[in-house]
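Read off the chains here:
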Protein chains: 2
Amino acid sequence: MKLLSRQEEIVLLSIWKLGDNAYGVSVREFISELTDKYWSIGSIYVPLERLTEKSMIEAYQGEPSMKRGGRRIRYYRITTKGMEALSEIRKLQNSLWEGFPGPAAS
Amino acid sequence: MKLLSRQEEIVLLSIWKLGDNAYGVSVREFISELTDKYWSIGSIYVPLERLTEKSMIEAYQGEPSMKRGGRRIRYYRITTKGMEALSEIRKLQNSLWEGFPGPAAS
DNA sequence: TTAAAATCTTCTATTAAATAGAAGAAAAAG
DNA sequence: CTTTTTCTTCTATTTAATAGAAGATTTTAA
C-alpha cells in the first residue's frame, strides 16, 4: 500500500479526533488552530475527497435541520482502511524517529 | 515555515541516521530496507536536490578515491535549518497523534 | 592497455498531491 | 423577501513524487 501523504495524515487524524463533529469547516478550523497557519479551502476539501475515493473515510449526512445558517453538513468518519493506513505510517515513523533528540512522542 | 512533505521527512531522517555515510545510493538502500518497498532513483535524488536548494541539507565531496568502482560520491549532511524543520514537524506530530491507540512512538 | 563491469549521479518527463479561492447552495435572521 | 451565515463544489495553478534512461567515473578482468 502507498504511504499516506502528509496532508492525508493530518486530515485523517483530525477527523478521528473530531469524532462526530468532523466535516469540512470543522476540520479546517481544527488544523488551523493546531498549526497556527492559514489553510485554504481547497487544501482541506481536495484531500477529503481523495480520501473518500480511497475509502479511508466515508461521508454521511447530518441531521436535516441543525442550528445556524448553512448548507446541509457532510460529515466524515474514518474507516477501517483509514485506521490501517494510519497504523502503517505510524510504524514507519516510529522506526524513522527512533533516537532523534528532543521531545519524545506522546 | 512550510511543513516538511512526507518524502522530505523520510530523506532528512535517513541522512541523519546514516551519519557520515549518507549519499544517494545509501539513502535509497536505507529507505528501501526500512519500508520494504521499491523506490525509484528519482524518488530519492529529486528530494535530495530540493532539500539542498532549501538549505536543509548540504553536500560535500567524499575522499577522491574510495574502494569500489563508481563515480565520485556526493555526500550529504543535515543543516541546522534541516534539524529545525524536523523538530517542527515532530511537534506537530506529537499533538496530532496524541491519544491514538496502538504502539506509542519510541 | 583496453574492454567490460560496477557504482553513482544527472537529467527530464510524467503523474499525483497541495494550494487557492471564486462561485453557488441552503438555511436562518432580520 | 432580502441579507447574512455557513458550508461545499468546482477548477485552475503550483509544487512534489515517481520513473528510469543516459552518462560519468572508477575498478576489474582480459
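Here the residue numbering is sequential within each chain, running from 1 through the sequence in written order. Here the convention is simple: chains get letters from A, ligands get numbers from 1, in the order in which they are written. Predicted model: local features are reported for residues with pLDDT of at least 70 only, side-chain atom pairs are reported and counted for 80 or more only, and whole-chain, interface and lining totals are derived from all residues. As a rule here, side-chain values cover all heavy atoms of the structure and leave hydrogens and water aside.

K.L.:
Describe the interface of chain B and chain A, listing the residues and the values that go with them.
P.N.:
Each partner contributes residues to the interface: chain B has 35 residues there, and chain A has 35 residues. Together chain B and chain A conceal approximately 3,500 Å² of surface at their shared face, both sides included; 63% is due to carbon and sulfur atoms. Among the residues of chain B in contact with chain A, Arg 6, Leu 96 and Trp 97 of chain B are the three that bury the most area, contributing 23% of the side total. Put simply, a salt bridge is a Lys or Arg side-chain nitrogen that is within 4 Å of an Asp or Glu carboxyl oxygen. In this assembly, chain B and chain A are joined by 4 salt bridges. With its nearest N and O atoms 2.6 Å apart, the salt bridge here joins Arg 6 of chain B to Glu 9 of chain A. Between N or O atoms, a polar contact is any pair within 3.5 Å; within protein, one atom must be a potential hydrogen donor and the other a potential acceptor, and residues adjacent in sequence are included only when both atoms are from side chains. Our count for the contact surface shared by chain B and chain A stands at 16 residue pairs in polar contact (both at pLDDT 80 or more). Under the scheme used here, helices are H or I runs from DSSP no shorter than 4 residues and strands are E runs no shorter than 2 residues, and both carry numbers assigned from the N terminus. Among the elements of the structure, helix H1 (6-18), helix H2 (24-35) and helix H4 (80-97) of chain B are those that each provide at least two residues to the side of chain B that touches chain A. Examining the composition of the side of chain B that touches chain A, we find that 12 residues originate from one element, H4 of chain B, more than from any other. Across the side of chain B that touches chain A, the residue classes tally to 19 nonpolar, 9 polar and 7 charged. Note on definitions: a residue-residue contact is assigned when non-hydrogen atoms from the two residues lie within 4.5 Å. The buried area of a pairing is the accessible area, by a 1.4 Å probe, that goes missing from both parts when the two are put together, added over both. For this classification, Asp, Glu, Lys and Arg are treated as charged, while Ala, Val, Leu, Ile, Met, Phe, Trp, Tyr, Cys and Pro are nonpolar and the rest, including Gly, are polar.

K.L.:
For the packing of aromatic side chains, give the residues involved together with the corresponding values.
P.N.:
Classification of ring pairs rests on two measures: the distance between centres of Phe, Tyr or Trp rings, Trp counted by its six-membered ring, which must be within 6.5 Å, and the angle between planes, read as stacked under 30 degrees, edge-to-face over 60 and tilted in between. The full count for this structure, using the stated rule, is 8 aromatic pairs over all chains. Pairing Trp 97 of chain A with Phe 100 of chain A gives two aromatic rings, centres 5.0 Å apart and planes at 80°, and the pair type is edge-to-face. Across the pair, Phe 100 of chain A and Trp 97 of chain A agree in class, each one buried. Aromatic pair Tyr 60 of chain B and Tyr 75 of chain B: ring centres 5.7 Å apart, planes at 20°, arrangement stacked. Taken together, the residues Tyr 60 of chain B in strand E1 (residues 57-61) and Tyr 75 of chain B in strand E2 (residues 74-78) connect sequence positions 15 residues apart. A 1.4 Å probe rolled over the protein chains alone gives each residue an accessible area, and that area as a share of the maximum for its type sets the label: buried under 20%, exposed over 50%, partly exposed in between. With relative accessibility at 24%, the residue Tyr 60 of chain B sits in the partly exposed group. One aromatic cluster is present, built from ring pairs that chain together Trp 16 of chain A together with Trp 97 and Phe 100 of chain B. Here, a charge over a ring means that NZ of Lys or CZ of Arg falls within 6 Å of the ring centre while also lying within 35 degrees of the ring normal. Over the face of the ring belonging to Tyr 60 of chain A we find Arg 77 of chain A, whose NZ or CZ atom lies 4.2 Å from the ring centre.

K.L.:
I'd like to hear about unusual backbone geometry, residue by residue, with values.
P.N.:
A positive phi angle is found at Ser 55 of chain A, which is not glycine, with a value near 60°. Within the fold, Ser 55 of chain A resides in the loop between helix H3 (42-53) and strand E1 (57-61). Unusually for a residue other than glycine, Asp 36 of chain B sits at a positive phi of about 55°.

K.L.:
Which residues make up the pattern of salt bridges, and what values do they have?
P.N.:
Considering all chains together, one arrives at 12 salt bridges over all chains under this definition. Among the ionic contacts, a cluster of salt bridges with common partners joins Arg 6 and Glu 9 of chain A together with Arg 6 and Glu 9 of chain B.

K.L.:
Can you explain the relation of the copies chain B and chain A? Please cite residues and give values.
P.N.:
When the copies are superposed, the least-squares fit takes in the C-alpha atoms of residues with a pLDDT of at least 70 in both. You can overlay chain B on chain A at an RMSD of 0.0 Å; the transform is a turn of 180° with a shift of 0.0 Å along its axis. This pairing of chains is accounted for by a two-fold axis.

K.L.:
Tell me what's going on with the nonpolar core, and back it up with residues and numbers.
P.N.:
The criterion is simple. A nonpolar core is a set of buried Ala, Val, Leu, Ile, Met, Phe, Trp, Tyr and Cys residues joined through side-chain atoms within 4.5 Å. Counting residues in hydrophobic clusters, the biggest one holds 52 residues, and the most contacted among them are Leu 12, Ile 15 and Leu 86 of chain A together with Leu 12, Ile 15 and Leu 86 of chain B. In this view, Leu 86 of chain A contacts Leu 4, Glu 9, Leu 12, Leu 13 and Ile 78 of chain A together with Trp 97 and Phe 100 of chain B; residues no more than four positions away in its chain are not counted.

K.L.:
Provide a residue-level description of a nonpolar patch on the surface, including the pertinent values.
P.N.:
Patches in this entry comprise residues that are over 30% relatively accessible and not in a salt bridge; like charges within 9 Å are linked, as are nonpolar side chains (Val, Leu, Ile, Met, Phe, Trp, Tyr) within 5 Å. In this description, accessible areas are obtained by the Shrake-Rupley approach with a 1.4 Å probe, and a residue is regarded as covered only by the protein chains that are shown. Together, Val 25, Ile 41 and Tyr 45 of chain A make up a nonpolar patch on the protein surface, roughly 270 Å² of accessible area in all. For Val 25 of chain A, the position within the fold is in helix H2 (residues 24-35).

K.L.:
How would you explain H2 of chain A if you had to name every residue and give the values?
P.N.:
Here the expected span of a helix is defined as 1.5 Å times the quantity of residues minus one. Spanning 12 residues, H2 of chain A covers 17 Å between terminal C-alpha atoms, matching the ideal 16 Å at 1.5 Å per step. Taken residue by residue, H2 of chain A has Gly 24, Ser 26, Val 27, Ile 31 and Thr 35 of chain A as its buried positions. If you follow the buried residues of H2 of chain A, they end up packed against helix H1 (6-18), H3 and strand E2 (74-78) of chain A together with H4 of chain B.

K.L.:
A description of the environment of Trp 39 of chain A should follow, citing residues and the corresponding values.
P.N.:
Mapped onto the elements of the fold, Trp 39 of chain A is located in the loop between H2 and H3. For the pair Trp 39 of chain A and Arg 28 of chain A, spaced 11 residues apart in the sequence, the C-alpha separation amounts to 7.0 Å. Aside from chain neighbours lying at most four places away, what touches Trp 39 of chain A is Gln 7, Arg 28, Ile 31, Ser 32 and Ile 44 of chain A together with Leu 3 of chain B. Separated by 2.9 Å, the side chains of Trp 39 of chain A and Thr 35 of chain A make a polar contact.

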